[in-house]
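Now for the letters of each chain:
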Amino acid sequence: MADHHPTGIKRWLFTTNHKDIGSMYLWFSFIMFLIGGAMAMVIRAELYQPGLQFVEPNFFNSMTTMHGLIMVFGAVMPSMVGLANWLIPMQIGAPDMALPRMNNWSFWILPFAFTLLLSSLFMDGGAPNFGWTFYAPLSTTYGPPSTDFFILGVHMMGISSIMGAINVIVTVFNMRAPGMTLMKMPLFVWTWVITAFLLIMVMPVLAGAVTMMLTDRHFGTDFFNAAGGGDPVMFQHIFWFFGHPEVYIMILPAFGVASEIIAAFARKKLFGYSSMVYATASIALLSFIVWAHHMFTVGMPIAGELFFMIATMLIAVPTGVKVFNWVATMWQGSMTFETPMLFSIAFVILFTIGGFSGVMLAMAPVDFQYHDTYFVVAHFHYVLFPGAIFGTTAAVYYWLPKWTGKMYNEKLGKIHFWWSMIAVNLTFFPMHFSGLAGMPRRIPDYNMMFAAFNQLASIGAFALGLSQLFFLFIIIKAIRSGKKAEDKPWEGATGLEWDALPCPAPYHTFDTPPQVK
């Protein structure tokens, strides 16, 4: 139970404490983030100049595949689950998560899943080399033998995600403190509840897709084999029916984080709380009916293109509501710019840039030109890196005093922020221009005309990688020798009442719900 604290290795192996499990998720996701980042460094080193310098084209393709899979399933998603484990019980006044043993199990599945995936690097034929979207027939007919390990790894990740999502839903609906109605919950909890429903609905779709891949490879079925009456395009439909909501699974909890931090450092109540909840739910619902905007070039009917184009542009409406509310919250607030607030403001600005390029990609005639170019790479990295990664980083800085009782070095935090901010833009902004000029993605060699933009992107990428090592240094330094955090670490910041609890926060049940002052 929550107040049982075994020591040593047993504490981590068998813990049912939501805080320990949250910490394990966060450390695991950071390790995966560094591994996936190292693969990105291989990609950017190869692309620093035209020609083949360092790696074989097949290994380059393996790196792009593994980088995408590890960042999505190993870095971003576990980091969000880690935040959920730490924060949701504290924010709703619950003593722990509702299903603590399942919580432990859902974490420990992940290291084995990713060991399976990474072991494929050492197998005959190499790691999967068909892109993180693993389109058939590249992955079914032509995939290397390691594809089967990849399929099993994806199944295990899916099981972990579904169990984590069930835990969040049961906890929030059954364990809220007396008096805490749904519309009094902190926005981070709301975004995670909606995310959990998305997970439960789309992870089985991914499981179905990889199971059909497995039977196509070994059991004589022809789901995706045109020669046997199957349809390779059907794979894309199934994958993106999972894949598009998955994008929002990665970003919605970061919306919740930004909402809490911006309100705290503006010293104001969040503007338009209920509209934020409804906007989040609208984004989640719309995410189910836009999947085919990833596949405008497959030759769908004009009516289909029109439907998916309009539905995609509709998502900009609730997203615009959220951006407006964040700006309105800051408007005339007594703002200070500590590191969490800097990361949150950067999140809003850069995510909005990613949103603008998304609206461009939503237009079918234009998408024909952009499809499979670096413009798409620039778009989703502007959404995901400043979105999910900056969101998680802001959360770590903001709640670290609450988690550890120690304060990080504010000057170092600001250096990390500016370093990351410059590096992110230097890495991904030039990719827009490469893509508009026609540079294809996932290709290790390219025309001389793209050399300057690629050099800028590679320099930015290495700077970005170093900034994350600097972040690791800041966190370890804070935990080992940071100053003791005060009971209210953010001077004057209005937030939830549990901000006034001693650091680190004890187990606590509210008699009355936490209110924004």
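Residues numbered from 1 in each chain as written. Predicted model: local features only at pLDDT ≥ 70, side-chain atom pairs only at ≥ 80, totals over all residues. Heavy atoms only, no water.

### Focus: the pattern of salt bridges
Inference 1: Under the defined criterion, the tally for this structure stands at 2 salt bridges.
Inference 2: Between aspartate 148 and arginine 217 there is a salt bridge, with its nearest N and O atoms 2.9 Å apart. Here arginine 217 lies in helix 6 (residues 187–218) and aspartate 148 lies in helix 5 (residues 147–174), a separation of 69 residues in the sequence.
Inference 3: Between arginine 441 and aspartate 372 there is a salt bridge, with the nearest N and O atoms lying 3.5 Å from each other. Here aspartate 372 lies in the loop between helix 11 (364–370) and helix 12 (374–404) and arginine 441 lies in the loop between helix 13 (410–436) and helix 14 (451–481), a separation of 69 residues in the sequence.
Inference 4: The class for aspartate 372 is partly exposed, based on a relative accessible area of 36%. (Salt bridge = Lys/Arg side-chain N within 4 Å of Asp/Glu carboxyl O. Helix = DSSP H or I, 4+ residues; strand = E, 2+ residues; numbered from the N terminus. Buried < 20%, exposed > 50% of the residue type's maximum accessible area, 1.4 Å probe, protein only.)

### Examining the side chain of threonine 147
Inference 1: Turning to its location among the elements, threonine 147 is positioned in helix 5.
Inference 2: Using a relative accessible area of 0% as the deciding quantity, one classes threonine 147 as buried.
Inference 3: Look past the residues within four positions of threonine 147 in its chain and what remains in contact with it is Phe130, Ser139, Met213 and Arg217. (Contact = heavy atoms within 4.5 Å.)

### Considerations on the layout of surface pockets
Inference 1: Its boundaries defined by the atoms lining it, the second largest pocket holds a volume of some 610 Å³.
Inference 2: Lining the second largest pocket are 29 residues; nearest its centre among them are Ser23, Leu26, Trp27, Trp403 and Ile475.
Inference 3: Secondary-structure elements contributing two or more residues to the lining of the second largest pocket are helix 1 (8–13), helix 2 (18–46), helix 3 (57–92), helix 12 and helix 14.
Inference 4: Take the lining of the second largest pocket: its biggest share by element is 9 residues, from helix 2. (1 Å grid on protein atoms, 1.4 Å probe; cavity = no way out; pocket = protein on both sides within 12 Å on 5 of 7 lines; lining within 4 Å. Points joined across faces, edges and corners; volume = space filled by probe spheres on them.)

### Remarks on unusual backbone geometry
Inference 1: The omega torsion across alanine 136 and proline 137 is 0°, close enough to zero to call that bond cis.
Inference 2: Position of proline 137 among the secondary structure elements: in the loop between helix 4 (100–119) and helix 5.
Inference 3: With phi around 35°, phenylalanine 134 is a residue other than glycine that occupies positive phi space.
Inference 4: Relative to the helices and strands, phenylalanine 134 is located in the loop between helix 4 and helix 5.
Inference 5: Backbone geometry places arginine 442, a non-glycine residue, at a positive phi of 60°.
Inference 6: Position of arginine 442 among the secondary structure elements: in the loop between helix 13 and helix 14.
Inference 7: Residue classification places arginine 442 among the partly exposed positions, given a relative accessible area of 27%.

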